[in-house]
Amino acid sequence: MPVAPPSYCFVAFPPRAKDGLVVFGKNSARPRDEVQEVVYFSAADHDPESKVECTYISIDQVPRTHAIVISRPAWLWGAEMGANEHGVCIANEAVNAREPAAETEALLGMDLVRLGLERGTTAKEALDVIVALLEEHGQGGNYYEDADACHSFQSAYLIVDREEAWVLETIGKYWAAEKITEGVKCICNQLSLTTKIDAEHPELRSYAQSQGWWTGDDEFNFSEVFSPADEHLDCCAGKDSLEKQEESISVQTMIDILRDKASGVCIDSELFLTTASVVSVLPQNRSSPCIHYFTGTPDPSRSIFKPFIFVDDVKLVPKAQSPCFGDDDPAKKEPRFQEKPDRRHELYKAHEWARAVIESDQEQGRKLRKTMLELEKQGLEAMEEILTSSAPLDPTEVGDLFYDCVDTEIKFFK
């Protein structure tokens, strides 16, 4: 069974999170050389009976899709993490389970992240979208751009809005979910739901019994029933990082947790690297905007978190988007992945230089990192002002916010 990459997602609710904010964060651990891009798609109306082409399969499109901003491996259609215009955030975790994931091409867990964002106006609505599509199309296919082996996984999701969060864990088409409205929650590459289940597939328990994994006599514990026999249930690196925070949790706290290599939350190993990160802040007061901070570059400890706010006229950011290869893309042709094109975008290339400097030259690297953190701090302070201001948000001022931050970062590296 392939090893699920050790990603982490987090959410904190008031009063653990400060100032009436819900704070969401995710580190995306993926193969070291994979490029992630940050892409915005505006809301759109679609013709009746039109189809949407996901990573491997096409499915029926809906009449209207919401505006979304996502961070995704550049070769696929879906997303590792992202947000929509209604303040819904979703992140996905590849998980290993007792039942191996299907290698047959279907929807990827990452496709379901994007579909949930495009179609759900609340966290619960997004959950309903995901489980309905799972039932209809199933999940399966290669999670990596790799011609030599199929790495397929089951999926877990953290789905968050201003009011509540849902942890959704899936095994094929079967699933269970827990609703969270307070405290903190971390999910990683292992099943985490136990006996508190607030919604589930109607045949989940009978399926577990039919497989001989649950007798029906003792209490139903989802992760005990469905986890691989040899797995020690321990998502503790992330859980500890979040729970040991004595102060109330802010955007900065979440960024610091995502940067922490000592705890294992920020991965930099032989196989895997944190290839992109996101932190979102969702004010429970609906008159304040949600703010989403994306890196668009690997290793959050050497990256700048850049803010994005949804307004009607968002300026696109080609410099954080990978080149498009259209129908010639080796990910779209069968047999798949016969070649690996260069998917690096302009921001990624500029950032490669910075990473090399930080690694090789201690003095220059230290100065560079200090300046990067100062740039980031300016952005965080400007966003703090927007959140604490009683004046309504001026859309013309933030439409090119992410664009300007990416532009400044690239110029700075040059």
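Residues numbered from 1 in each chain as written. Predicted model: local features only at pLDDT ≥ 70, side-chain atom pairs only at ≥ 80, totals over all residues. Heavy atoms only, no water.

Draft legend 1. The overall build of the protein chain, seen in detail. Helix and strand counts for the protein chain come out as ten helices and 18 strands. Expected size for 414 residues packed as a compact globule is a radius of gyration near 22 Å; at 20 Å, the protein chain falls within 12% of this value. Projected onto its principal axes, the C-alpha positions of the protein chain cover 60 × 50 × 50 Å. With 414 residues in all, the protein chain has 59% of them scored as buried. Contacts in the protein chain between residues far apart in sequence, at least 24 positions, make up 69% of those at least 6 positions apart. As displayed, the protein chain has an accessible area near 17,500 Å², and 46% of this comes from carbon and sulfur atoms. (Helix = DSSP H or I, 4+ residues; strand = E, 2+ residues; numbered from the N terminus. Rg over C-alpha atoms; globule rule 2.2 N^0.38 Å. Buried < 20%, exposed > 50% of the residue type's maximum accessible area, 1.4 Å probe, protein only. Contact = heavy atoms within 4.5 Å. Areas by Shrake-Rupley, 256 points an atom, 1.4 Å probe, with all protein chains shown as cover.)

Draft legend 2. Representation of the packing of aromatic side chains in the model. Under the definition given, this model contains 17 aromatic pairs. Taken together, a centroid distance of 6.5 Å and an interplanar angle of 70° make the contact between F220 and F226 edge-to-face. The same class applies to F220 and to F226, which are both buried. Taking the centre distance of 6.4 Å and the plane angle of 55° together, the rings of W353 and F413 count as tilted. Taken together, the residues span a long stretch of sequence, with W353 in helix α7 (residues 346-360) and F413 in helix α10 (residues 401-413) at a distance of 60 residues. Classification of W353 as partly exposed rests on a relative accessible area of 39%. What links up through ring pairs into an aromatic cluster is the set Y174, Y207, W213, W214, F220, F222 and F226. Lying over the aromatic face of F41, R114 brings its terminal NZ or CZ to 4.1 Å of the ring centre. (Phe/Tyr/Trp six-rings, centres within 6.5 Å; stacked < 30°, edge-to-face > 60°. Lys NZ or Arg CZ within 6 Å of the ring centre and 35° of its normal.)

Draft legend 3. Up close: the packing of helix α8 (residues 362-388) against α10. One can describe the packing of α8 onto α10 by two numbers: an axis separation of 12 Å at closest approach and a directional angle of 165°. Here α8 is positioned roughly antiparallel relative to α10, judged by the angle of their axes. At the point where α8 passes α10, the crossing takes the right-handed sense. When α8 is examined against α10, the residues L368, T371, M372, L375 and M383 are found in contact with a partner set consisting of L401, T408, F412 and F413. In the contact of α8 with α10, the residues fall into seven nonpolar, two polar and no charged. (Axes fitted to C-alpha atoms, helices over the stretch in contact; angles between N-to-C directions. Parallel < 35°, antiparallel > 145°, perpendicular 65-115°, else oblique. Left-handed = near helix turned anticlockwise from the far one by under 90°. Nonpolar A, V, L, I, M, F, W, Y, C, P; charged D, E, K, R; others polar.)

Draft legend 4. Structural context of a negative patch on the surface. A cluster of acidic residues, D217, D218, E219 and E224, forms a negative patch on the protein surface. Within the element layout of this structure, D217 appears in the loop between α3 (204-210) and α4 (222-226). (Patch = residues over 30% accessible without salt bridge, like charges linked within 9 Å, V, L, I, M, F, W, Y side chains within 5 Å. Salt bridge = Lys/Arg side-chain N within 4 Å of Asp/Glu carboxyl O. Lys, Arg positive; Asp, Glu negative; His and termini not counted. Charge placed at Lys NZ, Arg CZ, Asp CG, Glu CD.)

Draft legend 5. Expanded view of helix α2 (residues 123-137). Between its first and last C-alpha atoms α2 spans 21 Å; for 15 residues at 1.5 Å apiece the expected length is 21 Å, and the two agree. Residues of α2 that are buried: A123, A126, L127, V129, I130, V131, L133 and L134. If you follow the buried residues of α2, they end up packed against β6 (58-60), β10 (89-95), α1 (109-119), β11 (154-160), β12 (165-171) and β13 (174-180). Looking one or two residues beyond α2, the residue adopting positive phi is G138, at roughly 70°. (Expected span 1.5 Å × (residues − 1).)

Draft legend 6. Examining the sheet that holds strand β14 (residues 184-187) more closely. Within the open sheet, the six strands sit side by side as β14-β1-β2-β16-β17-β18. Their pairing is antiparallel. A strand with exactly one partner marks an edge of an open sheet, and here the two such strands are β14 and β18 (306-308). Averaged over all pairs of adjacent strands, the angle between their axes in this sheet comes to 15°, without regard to strand direction. Relative to β14, strand β1 (residues 8-12) runs antiparallel, the two sharing four bridges. Bridge assignment links F10 to a residue of β14, and that residue is C186. Sheet contacts for α8: β2 (21-31), β16 (272-283), β17 (291-294) and β18; angle to β17, the most-contacted strand, approximately 170°. (Pairing = 2+ DSSP bridges.)

Draft legend 7. Structural view of the pattern of salt bridges. Under the counting rule described, the total for this entry stands at 34 salt bridges. The salt bridge involving E135 is made with K173; its shortest N-O contact spans 3.5 Å. With E135 in helix α2 and K173 in the loop between β12 and β13, the pair connects residues that are 38 residues apart, well separated along the chain. Salt-bridge contacts for K411 lead to D407; the nearest nitrogen and oxygen are separated by 3.0 Å. Linking K411 with D407, this pair stays in helix α10, spanning four residues, or about one helical turn. Residue class for K411 comes out exposed when judged on its relative accessible area of 60%. One network of salt bridges, with partners in common, ties together R32, K261, D268, D299, R302 and E359.

Draft legend 8. Structural detail: α10. The first and last C-alpha atoms of α10 sit 19 Å apart over 13 residues, in line with the 18 Å expected at 1.5 Å per residue. When we look at burial in α10, the residues that qualify are L401, F402, V406, D407, E409, I410 and F413. Buried residues along α10 sit against β3 (36-41), β17, β18, α7, α8 and α9 (395-398).

Draft legend 9. Summary view of the pairing of strand β8 (residues 68-73). Across the six residues that make up β8, a large majority, six, are buried. With burial as the criterion, each face of β8 is covered, one bearing I68, I70 and R72 and the other bearing V69, S71 and P73. With six bridges connecting them, β3 and β8 associate as antiparallel partners. Residue pairing in the sheet places Q36 in a bridge with P73 of β8. The pairing of β8 with strand β9 (residues 81-84) spans four bridges and is classified as antiparallel. Counterpart to S71 in the pairing with β9 is M81.

Draft legend 10. Spatial organisation of the pairing of β16. Within β16, twelve of the twelve residues are buried, leaving the element largely enclosed by the surrounding structure. One ladder, built from eleven bridges, connects β2 with β16; its direction is antiparallel. What sits directly across from V23, in β16, is V281. Two strands pair when backbone bridges link them, and β16 and β17 are joined in this way by four bridges, in the antiparallel orientation.

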